[in-house]
Amino acid sequence: MAAMKSGAYSPRKVGPLAEEMLAELLAADWIPERVKALDCRDDLAKLARLRARVQLLTDEAPSMDLDEVTTPRRANGRSPFEILDAAENQAWRLEQKLRIDPMSLLEEQQEAKAEADLEAMAALGAEIRARREAELGGPPG
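Residues numbered from 1 in each chain as written. Predicted model: local features only at pLDDT ≥ 70, side-chain atom pairs only at ≥ 80, totals over all residues. Heavy atoms only, no water.

Student: I'm lost on the pattern of salt bridges in this one. Help?
Tutor: If the charged atoms of two oppositely charged side chains come close together, the side chains can form a pair. On inspection of all chains with the given rule, the structure shows 8 salt bridges. The shortest N-O distance in the salt bridge between lysine 36 and glutamate 33 comes to 3.7 Å. On the criterion of helical spacing, the pair formed by lysine 36 and glutamate 33 is a turn pair, its members being 3 residues apart in helix 2 (residues 33-36). For lysine 36, a relative accessible area of 11% gives the class buried. Using a relative accessible area of 60% as the deciding quantity, one classes glutamate 33 as exposed. Salt-bridge contacts for arginine 99 lead to glutamate 107; the nearest nitrogen and oxygen are separated by 3.8 Å. Residue arginine 99 is classed as partly exposed on the basis of its relative accessible area of 30%. (Salt bridge = Lys/Arg side-chain N within 4 Å of Asp/Glu carboxyl O. Helix = DSSP H or I, 4+ residues; strand = E, 2+ residues; numbered from the N terminus. Buried < 20%, exposed > 50% of the residue type's maximum accessible area, 1.4 Å probe, protein only.)

Student: Hey, could you run me through the packing of helix 3 (residues 41-60) against helix 5 (residues 80-98) in this one?
Tutor: Contact geometry for helix 3 and helix 5: axes closest at 9 Å, N-to-C directions at 150°. Taken together, the axes of helix 3 and helix 5 are roughly antiparallel relative to one another. Relative to helix 5, helix 3 is oriented so that their crossing is left-handed. Mapping the contact onto sequence places Asp43, Leu44, Lys46, Leu47, Leu50, Arg51, Arg53, Val54, Leu57 and Thr58 in helix 3 and Ile83, Leu84, Ala87, Glu88, Gln90, Ala91, Leu94, Glu95, Lys97 and Leu98 in helix 5. Partitioning the contact of helix 3 with helix 5 into residue classes produces 11 nonpolar, 2 polar and 7 charged. (Axes fitted to C-alpha atoms, helices over the stretch in contact; angles between N-to-C directions. Parallel < 35°, antiparallel > 145°, perpendicular 65-115°, else oblique. Left-handed = near helix turned anticlockwise from the far one by under 90°. Contact = heavy atoms within 4.5 Å. Nonpolar A, V, L, I, M, F, W, Y, C, P; charged D, E, K, R; others polar.)

Student: Can you help me understand helix 5 in this one?
Tutor: Because each turn of an α-helix spans 3.6 residues, side chains separated by three or four positions end up pointing in the same direction. Helix length check: helix 5, at 19 residues, gives a terminal C-alpha distance of 27 Å against a target of 27 Å (1.5 Å per residue), a fit within 8%. Buried residues of helix 5: Pro80, Ile83, Leu84, Ala87, Ala91, Leu94, Glu95 and Leu98, and no others. Each buried residue of helix 5 sits inside an arc of 110° when the element is viewed along its axis, so together they form one side. Exposed and oriented more than 90 degrees from the buried face of helix 5 are Arg93 and Lys97. Elements in contact with the buried residues of helix 5: helix 2, helix 3 and helix 4 (66-70). Positive backbone phi, approximately 60°, marks arginine 99, located one or two places after helix 5. (Expected span 1.5 Å × (residues − 1). Arc of directions from axis to C-beta.)

Student: Teacher, can you tell me more about the confidence of the model for the protein here?
Tutor: Low-pLDDT stretches of the model should not have their predicted coordinates read in fine detail. Averaged over all residues, the pLDDT of the protein equals 87, while 93% of them reach at least 70. Taken element by element, the predicted model of the protein shows its lowest mean pLDDT in helix 4 (83) and its highest in helix 1 (residues 11-27) (93). (pLDDT = per-residue confidence, 0-100.)

Student: Before we go on, may I ask you to explain the nonpolar core in this structure?
Tutor: Nonpolar side chains in soluble globular proteins tend to end up buried together. Membership of the largest hydrophobic core comes to 28 residues, with the highest contact counts inside it found for Leu44, Leu47, Leu98 and Ile100. Counting only elements with at least two residues in this core, the list comes to helix 1, helix 3 and helix 5. The element contributing the most residues to this core is helix 3, with 9 residues. Sequence-distant contacts of leucine 98, defined by excluding residues within four places in its chain, comprise Arg34, Val35, Cys40, Asp43, Leu44 and Leu47. (Core = buried A, V, L, I, M, F, W, Y, C linked by side-chain atoms within 4.5 Å.)

Student: What should I look at first to understand helix 6 (residues 102-136) in this one?
Tutor: The first and last C-alpha atoms of helix 6 sit 51 Å apart over 35 residues, in line with the 51 Å expected at 1.5 Å per residue. Of the residues trailing helix 6, glycine 137 is marked for its positive phi of about 80°.

Written out as structure tokens, the structure is:
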């Protein structure tokens, strides 16, 4: 059985790919500005590292047979599949923490729309009230 050579735990391989992924995340228009802020930057960088690790593991998997993917590399270790699964789960949990998973983004869009609808209704109400006051010659009273 050949050893997995993905480099998923090598800072030389993960680092540059993670930096590239972080730059992509910071440039992505679907990432809310609140996540791009400095107070979330460490978590975003961690997410980029996790995604880099997942990509390196995923890129390596097609060159491996089923036994290589499912057999731990060391005694009491984890298989490449288990390592990939753990990295994907960590990334998913971090996306949820940052509220950039699909459900959180959808909820945020719906909340923003509801807020905009309420503001529009409030503005319409104020306009109607101003018209009525103008028609009646002053505020009711």
